[in-house]
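Here are the chains, one letter per residue:
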Amino acid sequence: MSDINGDRAEDATPTQSANGPAQPAIPPRPAPPVQPAAPPAAPAQPAAPPYGAPGGYAANPAQPARPIYGEYSGQPPVGPGSAFGAASAAPPSHPTQPTLPLNGASASHPPEPRQATTTARRGGGIIASAIVAALLVGGAAGLGGTYVGSQLWPAPAATGQAAPQTVTVNNPDKVNATTAIAAKVVPSVVTISASSDSSGGTGSGVVLTADGYVVTNTHVVTLDGATGDATLRVTTSGGHVYDATVVGTDPIYDLAVIKLEGASDLTPIEFADSAKLNVGDQTVAVGAPLGLSNSVTTGIISALNRSIEIASSAAPDSGSDDQGDNGGQGDNGQGGPFFFDFGQGQQQQQSGGESIKIAVIQTDAAINPGNSGGALVDSEGKLIGINVAIATAGGTGGEAGSIGVGFAIPSSIAERVANEIIDDGSATHGLLGASVMSAAYVKGSTITGAYIDSVVAGGGAEQGGLKKGDIVTAFNGVPVTDSVDLTAQVRAAAAGSKATVTYVRDGDTYTADVTLGELK
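The paragraphs below set out a description of the structure included in this document. (Residues numbered from 1 in each chain as written. Predicted model: local features only at pLDDT ≥ 70, side-chain atom pairs only at ≥ 80, totals over all residues. Heavy atoms only, no water.)

## Here we look at the overall build of the protein chain
Going by this rule: Helix and strand assignments follow DSSP, with helices taken as H or I runs no shorter than four residues and strands as E runs no shorter than two, numbered in order from the N terminus. Any residue under 20% of the maximum accessible area for its type is buried, any over 50% is exposed, and the rest in between are partly exposed; the area is computed with a 1.4 Å probe on protein chains only. Only heavy atoms enter the contact rule, under which two residues are in contact if any of them lie within 4.5 Å. Under the convention used here, a 1.4 Å probe and the Shrake-Rupley method define accessible areas, while residue burial counts only the protein chains that appear.
For the protein chain, the count of helices and strands is seven helices and 22 strands. The burial tally for the protein chain puts 48% of its 520 residues in the buried class. Sequence-distant contacts in the protein chain: of pairs separated by 6 or more residues, those separated by 24 or more amount to 66%. Accessible area for the protein chain stands at about 24700 Å²; split by element, carbon and sulfur atoms hold 52% of it.

## Focus: the pattern of salt bridges
Which entries qualify depends on this criterion: One side-chain nitrogen of Lys or Arg within 4 Å of one carboxyl oxygen of Asp or Glu is enough to make a salt bridge.
Within the structure shown, the criterion is met by nine salt bridges. Across the salt bridge formed by Asp470 and Arg505, the nearest N and O atoms sit 2.7 Å from each other. Note that Asp470 is positioned in the loop between helix 6 (460–463) and strand 18 (471–475) and Arg505 in strand 20 (residues 498–505), a separation of 35 residues in sequence. We note a salt bridge from Glu518 to Lys520, for which the minimum N-O separation is 3.6 Å. Given a relative accessible area of 36%, Glu518 falls into the partly exposed group.

## Structural notes on unusual backbone geometry
The phi dihedral of Asn294 is positive, around 60°, even though this residue is not glycine. Position of Asn294 relative to the elements: it lies in the loop between strand 7 (282–287) and strand 8 (295–311).

## Things to note about the environment of Phe475
Of note, Phe475 is situated in strand 18. C-alpha separation for the pair Phe475 and Thr502, spaced 27 residues apart in sequence, amounts to 6.3 Å. Ignoring any residue separated from it by four or fewer positions in sequence, one finds Phe475 in contact with Val480, Leu486, Gln489, Val490, Ala499, Thr500, Val501 and Leu516.

## Points about the nonpolar core
Basically, it comes down to this: What is meant by a nonpolar core is a set of buried Ala, Val, Leu, Ile, Met, Phe, Trp, Tyr and Cys residues, joined one to another through side-chain atoms within 4.5 Å.
If you look at the biggest cluster of nonpolar residues, it comprises 44 residues, and the most contacted ones within it are Val185, Tyr253 and Leu255. In this structure Leu255 touches Val215, Thr216, Asn217, Thr218, Thr249, Asp250, Ile386, Ile409, Ile413, Ala414, Val417 and Ile421, once residues within four positions along its chain are discounted. Core analysis: the next-biggest nonpolar cluster, separate from the first, contains 19 residues, Val436, Leu466, Tyr503 and Leu516 among them.

## Here's the deal with the pairing of strand 17 (residues 450–455)
Put simply, the rule is: When DSSP locates at least two bridges between a pair of strands, those strands are taken to pair.
When strand 16 (residues 434–438) meets strand 17, the two strands line up antiparallel, connected through five bridges. The partner of Ala434 across the bridge, within strand 17, is Val455. Bridge analysis of strand 17 against strand 18 gives two bridges, and the strand direction is antiparallel. Residue Ala450 lies in a different strand from strand 18, and its bridge partner there is Val472.

In structure tokens:
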């Protein structure tokens, strides 16, 4: 390859005087003495293998057909009816897809290496596009050009067989910011298959540590409360399959942590501060909707400080009133439009008698059943939420698909809960010690908020000076418009934590500092 900054020899041409006769020729200079011969040159090095050839670096090798589930080496399915079969196997939770065999297996062949001439022609564009993608995402994302290049176009495996790629790029000159985000995030998202004797389903998870701790949803690992000992199989974006065990579940906020057995060198997600988000910020959702692993969808943040109430068969019985914090008349019922986005073989059952109230980020990025437990990230590829639920326009189950109204648990809540589960096996949640109802349903009320119907003796609300008739309008600075908002924010906080409550009494606004109890 020629040096782009090398010198070029120029041909010397005689100069002639523009005026007067020609001058006599100048005698040539004597030739310099002959120098001793230079030492022999070093032997030529063997040419480096071309890009894409065995032993070289794959610039953008051709891709084998991506299996929806299973290993990339074309191994037979994990087991009968397993959601993690070999190439071309469709998940048993969605047998109606006519284009995919249920339990077929087909061999995956390594792609043929590209010709050196093709790579030489496009190599510069590949590297340039990778750098452009990194710049579009921004330096704060940690996406240097080298990193993006290694993620989009990984080197072949040691055996010479091309490693499976997590992000397919057919036109490197058109790489954009979303491609770069996907390259960073996809390796940190896994597909989870949960099964029991009577049912099974698929969901997603987000890698927390290199040795295999993964955060997901409780309804994924318990099959929406149907079992406490589901068999878990987890597939990474690179095609590695692991057995997994449950470290702990948190039904109150529908979060869980699992541990992949024998895992190492995984790619942990990078967390963002969800408290610094704005409506309109870019979002990218990554997961396995309908069992389609490594799927990427884009959108924006549609709303912040949203709270939803959703039926959960795994939720603990909250029938006792001695703790307070129970909703009253006018709260959202269980017949609402919100459902867990869990890819089950059968339509999600909402027959459970309990519901949970959780604070969420609303996004219009497409989220479908199977996205549960997956990542919602920002424009820098950092985690801002764990996908948990979707809204449906009609019907009786959560299989209607995305209508552009999806929800994710903010990363600040997910991080706290996950860390407590890893450290202690369970997570704590705050307790205000008050029975509340939506103020809009209280006769004579002229503002929205959470109306305090009663307080528990010795609880945080009473000790903070709150009493019956007060209307809470904010909790730790987050607006409260109804009882679901207040309960969701209280539960998001850890037991024993301090909180500032803003409330209205007789038309005047006050604040109270309270110490939260612990929800049992």
